[in-house]
Protein chains: 2
Amino acid sequence: MKYDDYLKKYERKTGKSRRLYSRSADIFPGGISHNIRYFEPYPFYVNSAKGKYLRDVDGNRYTDYWMGHWALILGHSPAVVSSALARQVRNGTLYGVVNDVSVKLGEAIQKFMPRAEMMRFCSTGSEATMYAVRLARAKTGRRVIAKAIGGWHGFNTTLMQTVNYPYEVEEGPGLVQDEGQYVESLQFNDLESSLKVLETIKDDLACIIIEPVLGGAGCIPPVAGYLQGLQEFAKKNDVLFILDEIVTGFRLSPNGAASVYGLEPDLFTLGKICGGGLPIGVVCGSKELMSLADPVQRPDKEARCAIGGGTFSANPVTMTAGLATLDFLKKNKGSIYPKISRLGEMARNGLSKIFSDAKIPCRVTGTHSVFLTHFVSDDRSIANATDVATSDKKKLIQYHMALMAEHGMFFLPTKMGAVSYVHEESDIKKLLSATQDIVDSGLFKQT
Amino acid sequence: MKYDDYLKKYERKTGKSRRLYSRSADIFPGGISHNIRYFEPYPFYVNSAKGKYLRDVDGNRYTDYWMGHWALILGHSPAVVSSALARQVRNGTLYGVVNDVSVKLGEAIQKFMPRAEMMRFCSTGSEATMYAVRLARAKTGRRVIAKAIGGWHGFNTTLMQTVNYPYEVEEGPGLVQDEGQYVESLQFNDLESSLKVLETIKDDLACIIIEPVLGGAGCIPPVAGYLQGLQEFAKKNDVLFILDEIVTGFRLSPNGAASVYGLEPDLFTLGKICGGGLPIGVVCGSKELMSLADPVQRPDKEARCAIGGGTFSANPVTMTAGLATLDFLKKNKGSIYPKISRLGEMARNGLSKIFSDAKIPCRVTGTHSVFLTHFVSDDRSIANATDVATSDKKKLIQYHMALMAEHGMFFLPTKMGAVSYVHEESDIKKLLSATQDIVDSGLFKQT
């Protein structure tokens, strides 16, 4: 089948979504509230999600591998979370003052991740990373922040740099250049060149902030020694090492990527999974560092690092969803993590074999429960964001559309997929057989 | 009664909160996730909120005038919202893709506020204002942002300037000075001095961003002509006029403060009320301006203003709560707004009289449903943030504590109070009689 055939099939079954998109495009720029949520010809509109399934307004059902920006490790509306939420929403959604559930969630996080000696809850990942680098600047008195090329830490002004290809070009109007002058970018997985860059900026370097596995940039795990090398440089030069675990925390392992890769970050950020499907961001770190933000010990604003929380910080709905999720993870971690990692590996191996047998140059990247395919024109590997950005994205969009249109499987086009606890081996088998079917249909033979 | 007596009374009835605070202080810097939520000797811990009441872990009940940072215009967990939420949480909390409820909420906002030709949903007010000024810089190609002294637009790096007294002092370590160099501050309600400042920076001025009523800085309504004067300057100089209606939108009137004061902002921000008690921020404006962020029309990043939405943007839980709230406001606006404004006025007049009769110098500020008392040492008025900051905050803290400890009424100490639809005339009478009682107890006679 040609891409056009898949597109037509998609359009035929999504008439109500098409009409909703046309209304949306009159309200929201591009019809969406998050740039990555648009895809051609228009996204389908969901009105219900349960377990592994998304259901759209036309009644189509999709097995979901996007899973709420990878946040829903237990699937959509798991009973343990939704029952707790159904009680909580009748009991207050925004107390506006401190509450007991936030204490319990904080303590639950500490048990999984003892390096979270102290933390602050906020409402989004963008806020968490913004506050983490602010704390690093406050601690060190230095200004420069090093991040990875393609590294994604949200839409905050400071870290909205070298996010989209071509990376050497500014990220568009509205971002004042003077605000970007203190951000330097490193080539992920290239320790030698990264250390070279770091060496040139170390005198004014406050921190290195990095995702242990590049997520938004294309599902790229670290090569052995890379993150450790950055951390070593940081420790040696009194630079703070910040691990952005918004995606990997509670996904790669219950103790985060830090435990998987043997890292000891000074600060780290959490989000997604630990909010149980409700808005959350968390900055975590040592008592010494986090205390810089303590308004009780430091009533004088000149002595205090001004980090936020915000109106919705630690709200009881998020706290309740997060606590229910972490409680479930604690009780079932022995079955959850081996299962999702095994299914992730099954997907990676199976997809690699299908494309390799069909002689379609494709790299499958990922680790544990996350994976992504990259169509390449030769036999080169995918080691960093540039490799991903210069791969054949058009083919990837077509593959993801074919899965949606013909097989009822959803990957946000071009984005990493994630296995959640509600996926079964049979789902991965279906994904592989759908992929085989798409290969056989001749989609990838198109020029 | 002396302040110490009230404090002792508070401590006697909040033993469980004291123990929870001690656990909190081991987890969160200062024991809280939002600086303003701490107060002496420790805040009480809420575990349930319904209607006008907060209930703490010790079983104390407080009539709430803080109302979730002023967001809960229908009180805590109103049935129309909590019923809709109880259904939604079993039906998905984070689809991760577009949904039909966001279209309905967007259209509902447009009906109240037609100047919201287009909008983008995000998850917090801090994000909304950050994106608004980014859009202004993108549109104008200029860099400077003018804000009010004491103006509060969230904890984003750009606008975290001149927020806390003394305003001429930097807002603490971690904020890089180069990032603050493009923010200039205006004295609220002083048009002459404001225009003078604006005149000096107009060549590089992108926008003026302002709360129509200073909220966090102390509940200060605009004097006649002030906002209009700023708007006029903006229009004349091709500078964007941004109204931050996160607090005032759907509070001062169903159509916002813009309609009350006859303003026509180029961009405006919403939050709080329109999320129905769940996390939200919204940037609204003309099609022309908002289209700068359109990723479909502007696939090239150099042509597009990169504003976020985030993982949790337009999530179906927030959208559902917001839509239920706005539907209720639409049907009942004829009773809601006159009622809360009348009760607000009753509180302002009653409090003024009590303090005046007792010869305690106190200014009561506010408008419509919001109000705040300011203890002053003379007969000067409260017209800007400096006036508030230099008033007797200690007395205000003591007054608010006395209301909490003895009378079961909650104002977040030193912060503006808000009347919601669930408050009755009898509540305001109780507030006045409690205040009379506190005056009579001799609290304010202390030196």
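Residues numbered from 1 in each chain as written. Chains lettered and ligands numbered in written order. Predicted model: local features only at pLDDT ≥ 70, side-chain atom pairs only at ≥ 80, totals over all residues. Heavy atoms only, no water.

Undergrad: Outline the pairing of strand 2 (residues 53-56) of chain B, listing residues and values.
TA: All names here are of chain B. What you see with strand 2 is a clean split: Leu54 and Asp56 sit on the buried side and Tyr53 and Arg55 on the side with no burial. Here 4 bridges tie strand 1 (residues 46-50) to strand 2, and the two strands are oriented antiparallel to one another. Bridge pairing links Ala49 to Leu54 in strand 2. Linking two consecutive strands that pair antiparallel, namely strand 1 and strand 2, is a turn of 2 residues; a positive phi of about 60 degrees is found at Gly51 within it. Where strand 2 and strand 3 (residues 61-64) come together, 3 bridges link them in antiparallel fashion. (Buried < 20%, exposed > 50% of the residue type's maximum accessible area, 1.4 Å probe, protein only. Helix = DSSP H or I, 4+ residues; strand = E, 2+ residues; numbered from the N terminus. Pairing = 2+ DSSP bridges.)

Undergrad: Residues and numbers for the sheet that holds strand 7 (residues 205-210) of chain B, please.
TA: Residues and elements named next belong to chain B. The strand order across the open sheet built from 7 strands is 4-10-9-8-7-5-6, with neighbouring strands paired in mixed fashion. Unpaired on one side and paired on the other, strand 4 (118-122) and strand 6 (183-186) mark the two borders of the sheet. Ignoring which end each strand starts from, the neighbouring axes of this sheet average 20 degrees apart. Bridge count for strand 5 (residues 144-148) against strand 6 is 4 bridges, and the pairing is parallel. (Axes fitted to C-alpha atoms, helices over the stretch in contact; angles between N-to-C directions.)

Undergrad: Can you tell me about the interface of chain B and chain A, naming the residues and giving the values?
TA: Taken residue by residue, the interface counts 120 residues in chain B and 121 residues in chain A. Overall, the association of chain B and chain A removes approximately 10000 Å² of surface from exposure, summing both partners, and the carbon and sulfur fraction of that is 59%. Three residues, Pro29, Val98 and Lys301 of chain B, lead the burial of chain B against chain A; their summed loss comes to 8% of the area buried on that side. Our count for the chain B to chain A interface comes out at 6 salt bridges. Glu171 of chain A is the salt-bridge partner of Lys301 of chain B, the closest N and O atoms lying 2.7 Å from each other. On the surface where chain B and chain A come into contact, there are 56 residue pairs in polar contact (both at pLDDT 80 or more). Broken down by class, the residue content of the side of chain B that touches chain A amounts to 57 nonpolar, 40 polar and 23 charged. (Contact = heavy atoms within 4.5 Å. Buried area = accessible area lost by both parts, 1.4 Å probe. Salt bridge = Lys/Arg side-chain N within 4 Å of Asp/Glu carboxyl O. Polar contact = N/O pair within 3.5 Å; in protein donor to acceptor, adjacent residues only side chain to side chain. Nonpolar A, V, L, I, M, F, W, Y, C, P; charged D, E, K, R; others polar.)

Undergrad: Which residues make up the side chain of His34 of chain B, and what are the values?
TA: Here His34 of chain B shows up in the loop between helix 2 (15-27) and strand 1. Classification of His34 of chain B by relative accessible area gives buried; the value is 6%.

Undergrad: How would you explain the sheet that holds strand 5 (residues 144-148) of chain A if you had to name every residue and give the values?
TA: All names here are of chain A. Strand order across the open sheet formed by 7 strands is 4-10-9-8-7-5-6, with mixed pairing between neighbours. The two strands at the open ends of the sheet, each matched to only one other strand, are strand 4 (118-122) and strand 6 (183-186). Taking each pair of neighbouring strands and ignoring which way they run, the sheet shows an average axis angle of 20 degrees. Two strands pair when backbone bridges link them, and strand 5 and strand 7 (residues 205-210) are joined in this way by 3 bridges, in the parallel orientation. Residue pairing in the sheet places Ile145 in a bridge with Cys207 of strand 7.

Undergrad: Hey, could you go over a positive patch on the surface for me, with residue numbers and the actual values?
TA: All names here are of chain A. Taken together, the side chains of Lys111, Lys330, Lys331 and Lys333 define a basic patch exposed on the protein surface. Examining the composition of the positive patch, we find that 3 residues originate from one element, helix 12 (residues 316-357), more than from any other. Positionally, Lys111 belongs in helix 5 (residues 100-112). (Patch = residues over 30% accessible without salt bridge, like charges linked within 9 Å, V, L, I, M, F, W, Y side chains within 5 Å. Areas by Shrake-Rupley, 256 points an atom, 1.4 Å probe, with all protein chains shown as cover. Lys, Arg positive; Asp, Glu negative; His and termini not counted. Charge placed at Lys NZ, Arg CZ, Asp CG, Glu CD.)

Undergrad: How would you explain the relation of the copies chain B and chain A if you had to name every residue and give the values?
TA: In screw terms, the move from chain B to chain A is a rotation of 180 degrees and a rise of 0.0 Å along the axis, fitting with an RMSD of 0.0 Å. Considering both components of the superposition, the chain copies are consistent with a two-fold axis. When C-alpha distances to the rotation axis are compared across chain B, the minimum falls at Ala86 of chain B, with a value of 2.3 Å. Both copies contact each other with a shared surface, as 100% of the interface residues of chain B are interface residues in chain A too. (Least-squares fit on C-alpha atoms with pLDDT ≥ 70 in both.)

Undergrad: Any chance you could break down the domain arrangement of chain A for me, citing the residues and the numbers?
TA: Residues and elements named next belong to chain A. For chain A, the assigned domains read domain 1 (3-76 + 335-445) and domain 2 (79-328). Domain 1 and domain 2 are separated by 27 Å when their C-alpha centres are compared. Taken together, the contacts link 34 residues of domain 1 with 32 residues of domain 2. With both sides pooled, the region where domain 1 packs onto domain 2 buries about 2500 Å², and carbon together with sulfur makes up 67% of that total. (Domains from an automatic or database assignment.)

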